There are 2 protein chains.
Amino acid sequence: MKMAQLSTASGIAVPTIKMYLREGLLPPGERIEANQSRYTEGHVRRLRLIQALMRIGGLSVAAAREVLGAIDSDLELGHVFAAASQAATRALAAQQLDAHDFERADEMIGGWRCEGDSPGRAGVAAVIHAFDDAGQAPGDEWYERYAQAAMIVAEADLDSIDRVEGRDAKAVTVVIGTVLGDTLFASFRRLAHQHVSHLRYAPDARIEPTQEKK
Amino acid sequence: MKMAQLSTASGIAVPTIKMYLREGLLPPGERIEANQSRYTEGHVRRLRLIQALMRIGGLSVAAAREVLGAIDSDLELGHVFAAASQAATRALAAQQLDAHDFERADEMIGGWRCEGDSPGRAGVAAVIHAFDDAGQAPGDEWYERYAQAAMIVAEADLDSIDRVEGRDAKAVTVVIGTVLGDTLFASFRRLAHQHVSHLRYAPDARIEPTQEKK
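For clarity, every value in this text was computed on a predicted model and none was experimentally measured. Per chain, residue numbering runs from 1 following the sequence as it is written. Just so you know, chain letters begin at A and ligand numbers begin at 1, following the order they were written in. Reporting in this predicted model follows two pLDDT cut-offs: at least 70 for local features of residues, and 80 or more for side-chain atom pairs to be given and counted; totals over whole chains, interfaces and linings ignore these cut-offs and use all residues. Heavy atoms from the whole structure form the basis of all side-chain values; hydrogens and water molecules are not counted.

## Comments concerning the overall build of chain A
Within chain A one finds 9 helices and 2 strands. The helix and strand sequence of chain A, counted from the amino end, reads α-α-β-β-α-α-α-α-α-α-α. Three labels apply to residues, based on accessible area from a 1.4 Å probe with only protein chains included: buried if under 20% of the type maximum, exposed if over 50%, partly exposed otherwise in between. Across the 214 residues that make up chain A, the buried fraction comes to 54%. For this analysis, residues touch if any pair of their heavy atoms sits within 4.5 Å. Taking the intrachain contacts of chain A between residues at least 6 apart in sequence as the baseline, contacts between residues at least 24 apart amount to 57%. Shrake-Rupley sampling with a 1.4 Å probe provides the accessible areas, and residues are treated as covered by the protein chains on show and by no other component. Carbon and sulfur atoms provide 50% of the accessible area of chain A, an area that totals close to 9,800 Å². Strands are runs of DSSP state E lasting at least two residues, helices are runs of H or I lasting at least four, and both sets are numbered from the N terminus onward.

Shown next, in the form of structure tokens:
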């Protein structure tokens, strides 16, 4: 298909597609004339993946390029996971953290087997540090319940990767799941806040049928 | 204290503090001379809160201004929660979602009592849509396990708000917890991915003591 048809098929505007080509996120089509290329269904699928990573997952062009590169490589799955985690985790101001923050983070993630340079470890340390700074340190139990919930989600993620056949399809699942999973969890968390608030502070609201929200 | 001391006390550079003043995130100090103001411990605490929201939580200046405004207002806690959720949830391309996406989202959040215009509902719908687009739809069970984990975290969040005394302190906890909770969960999730991967694909690694990660 030509550029105009690629735009129709993917629902993405031509200038946006051209930007993705320029930035190396989308591989070039097959050149058929000096000024025209031909694109395939593979380009449509790739465009949808790019959109999912950038628009829903909020990844920058650079971060998207990095994780797409990991998919395209023949890296083993563990490395794809690491690349996706790295790209999808906000650059945390690790230089501001001291050894004590990391020690406390290690206590919170006690029994788990993790790499010391995981962006997750710096993330936990950064949050502990920020709460301390704000004079709002929540108790250890709060962290423990987050860790317990994260384990449920991680098991679900790995089950869903296990179910996909083939290294390349698995690599796409890893990347999209890492990025979209953050958005999904944050969304469910907002909804659960509403639900629990209703139950605790306005329990009579339970009487209304729950499905009529529009 | 003067500007230079405020910078030392907060660990934040003077130009950054001046930017926060210009942007209205930090209230002005008490003017003592034409060219000099006096700042208080309250300014130091406020600066730490701003840093937590922007550097660790990744909020933009506009989003930080919005949630700080909710804290400073006398809005009741439910509205502070809503403002924090709105600001901390990435602007989701809701216009691209159709009624079907929202129906599927409502199925996933079935029994919960939530507002229809919650950013969480649009977030769940956007993730469902993106997975469909990418041809990677995970099963309903995957969503259910995320919802179950989100409920654990929401209960923990509300318990921790309940423990804080006074409307203003509660409002700060709501805002900082909403924003930092996302980062904390995403961090724990990355670590749990590593741990579960180790257990599943390299179980002999369990033998090593887990506390020696550095």
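## Description of the relation of the copies chain B and chain A
A rotation about some axis, followed by a shift along it, carries one copy of the chain onto the other. Copies overlap after least-squares fitting; the atoms used are the C-alpha atoms of residues with pLDDT of at least 70 in both. The two copies are related by a screw motion: chain B maps onto chain A through a turn of 180° and a shift of 0.0 Å along the axis, at an RMSD of 0.1 Å. Given the turn and translation reported, the copies of this chain are related as if by a two-fold rotation axis. In terms of proximity to the rotation axis, the leading residue of chain B is Ala-149 of chain B, whose C-alpha is 2.2 Å off the axis. Mapped onto chain A, 100% of the interface residues of chain B are again interface residues, and the two copies thus contact each other with one and the same surface.

## Some points on the interface of chain B and chain A
Contact residues are listed per partner, giving 92 residues for chain B and 92 residues for chain A. Taking both partners together, chain B and chain A bury about 9,400 Å²; carbon and sulfur atoms supply 61% of that area. By definition here, a salt bridge exists when the distance from a side-chain nitrogen of Lys or Arg to a carboxyl oxygen of Asp or Glu is within 4 Å. Counting across the chain B and chain A interface gives 14 salt bridges. In this structure, Asp-157 of chain A and Arg-189 of chain B form a salt bridge, with 3.0 Å as the shortest nitrogen-oxygen distance. Any pair of nitrogen or oxygen atoms within 3.5 Å is treated as a polar contact; in protein, a donor-acceptor pairing is required on top of that, and neighbouring residues in sequence qualify only through side-chain atoms on both sides. Here chain B is connected to chain A by 30 residue pairs in polar contact (both at pLDDT 80 or more). Among the elements that take part in the side of chain B that touches chain A, helix α9 (residues 167-201) of chain B stands out by supplying 27 residues, more than any other. Under the scheme applied, nonpolar residues are Ala, Val, Leu, Ile, Met, Phe, Trp, Tyr, Cys and Pro; charged residues are Asp, Glu, Lys and Arg; polar residues are all the others, including Gly. Residues belonging to the side of chain B that touches chain A are distributed by class as follows: 42 nonpolar, 28 polar and 22 charged. When two parts are brought into contact, each loses some accessible area as probed by a 1.4 Å sphere; the total of that loss over both is the buried area.

## Notes on the nonpolar core
The definition of a nonpolar core used throughout is a set of buried Ala, Val, Leu, Ile, Met, Phe, Trp, Tyr and Cys residues joined through side-chain atoms within 4.5 Å. In terms of nonpolar packing, the biggest core is built from 138 residues, with Trp-112, Tyr-143 and Phe-188 of chain A together with Trp-112, Tyr-143 and Phe-188 of chain B touching the most fellow members. Dropping the residues within four chain positions of it, Tyr-143 of chain B is found in contact with Leu-184 and Phe-188 of chain A together with Met-108, Val-127, Ile-128, Phe-131 and Pro-138 of chain B.

## Things to note about the pairing of strand β1 (residues 30-33) of chain B
Residues and elements named next belong to chain B. In this structure, β1 lies alongside strand β2 (residues 36-38), joined through 3 bridges in antiparallel fashion. Bridge pairing in β2 places Arg-31 opposite Ser-37. We call two strands paired when DSSP finds no fewer than two bridges between them. Between β1 and β2, which pair antiparallel and follow one another directly, the connecting turn spans 2 residues.

## Overview of a negative patch on the surface
Residues and elements named next belong to chain A. What goes into a patch is any residue over 30% in relative accessible area without a salt bridge, connected to like charges within 9 Å or, for nonpolar side chains (Val, Leu, Ile, Met, Phe, Trp, Tyr), within 5 Å. For the charge count, each Lys or Arg is scored as positive and each Asp or Glu as negative, with His and the chain ends excluded. Note on charges: their place is set at NZ of Lys, CZ of Arg, CG of Asp or CD of Glu. A cluster of like negative charges, contributed by Asp-98, Glu-103, Glu-107, Asp-140 and Glu-144, occupies part of the molecular surface. Those elements that place two or more of their residues in the negative patch are α6 (99-108) and α8 (140-163). Turning to its location among the elements, Glu-103 is positioned in helix α6.

## A closer look at the confidence of the model for chain A
Residues and elements named next belong to chain A. Values of pLDDT, which run from 0 to 100, indicate the predictor's confidence residue by residue. Here chain A averages 83 in pLDDT, and 90% of its residues register 70 or above. Here residues 206-214 scores under 50 on pLDDT; set against residues more than four positions off or in separate chains, the count is 18 contacts. This complex was scored by the predictor with a pTM of 0.76 and an ipTM of 0.76.

## Re the pattern of salt bridges
Within the structure shown, the criterion is met by 22 salt bridges over all chains. In this structure, Asp-182 of chain B engages Arg-189 of chain A in a salt bridge whose closest nitrogen and oxygen atoms are separated by 2.9 Å. Placement of the pair is Asp-182 of chain B in helix α9 and Arg-189 of chain A in helix α9 (residues 167-201), with the two residues belonging to separate chains. Among the ionic pairs, Arg-46 of chain B bridges to Asp-72 of chain B, the shortest N-O distance being 2.9 Å. Here Arg-46 of chain B, found in helix α3 (residues 41-56), pairs with Asp-72 of chain B, found in helix α4 (residues 61-72); they are 26 residues apart in sequence, far enough to count as distant.

## Points about the packing of helix α1 (residues 3-10) of chain A against helix α3 (residues 41-56) of chain A
Residues and elements named next belong to chain A. Geometry is summarised by axes, namely lines fitted to C-alpha atoms with helices restricted to the contacting stretch, and by angles between N-to-C directions that run from 0 to 180 degrees. In contact at an axis separation of 10 Å, α1 and α3 are set at 50° when each is read in the N-to-C sense. As far as their axial angle goes, α3 and α1 are oblique. Our pair here, α1 against α3, has a crossing hand that is right-handed. Between α1 and α3, the contacting residues are Leu-6, Ala-9 and Ser-10 on the first element and His-43, Val-44, Leu-47 and Arg-48 on the second. Among the residues forming the contact of α1 with α3, the class breakdown is 4 nonpolar, 2 polar and 1 charged. An angle counts as roughly parallel when it lies under 35 degrees, as roughly antiparallel when it exceeds 145, as roughly perpendicular when it falls between 65 and 115, and as oblique in every other case. The crossing is said to be left-handed when, going from far helix to near helix, the turn is anticlockwise and less than a right angle, and right-handed when the turn is clockwise.

## Examining the packing of α9 of chain A against helix α7 (residues 119-133) of chain B
Their axes nearest at 7 Å, the elements α9 of chain A and α7 of chain B cross at an angle of 155°. In terms of orientation, α9 of chain A lies roughly antiparallel with respect to α7 of chain B. For α9 of chain A against α7 of chain B, the interelement crossing comes out left-handed. Where α9 of chain A approaches α7 of chain B, its residues Ile-176, Gly-177, Leu-180, Thr-183, Leu-184, Ser-187, Phe-188, Arg-190 and Leu-191 of chain A are matched on the opposing element by Gly-120, Arg-121, Gly-123, Val-124, Val-127, Ala-130 and Phe-131 of chain B. Classifying every residue of the contact of α9 of chain A with α7 of chain B gives 9 nonpolar, 5 polar and 2 charged.

## A word on the side chain of Ser-10 of chain B
Residues and elements named next belong to chain B. Among the secondary structure elements, Ser-10 is positioned in helix α1 (residues 3-10). The class of Ser-10 is buried, set by a relative accessible area of 12%. A distance of 2.8 Å separates a polar side-chain atom of Ser-10 from the backbone oxygen of Leu-6. Of the polar contacts made by the side chain of Ser-10, one reaches the backbone oxygen of Ser-7; its length is 3.4 Å.

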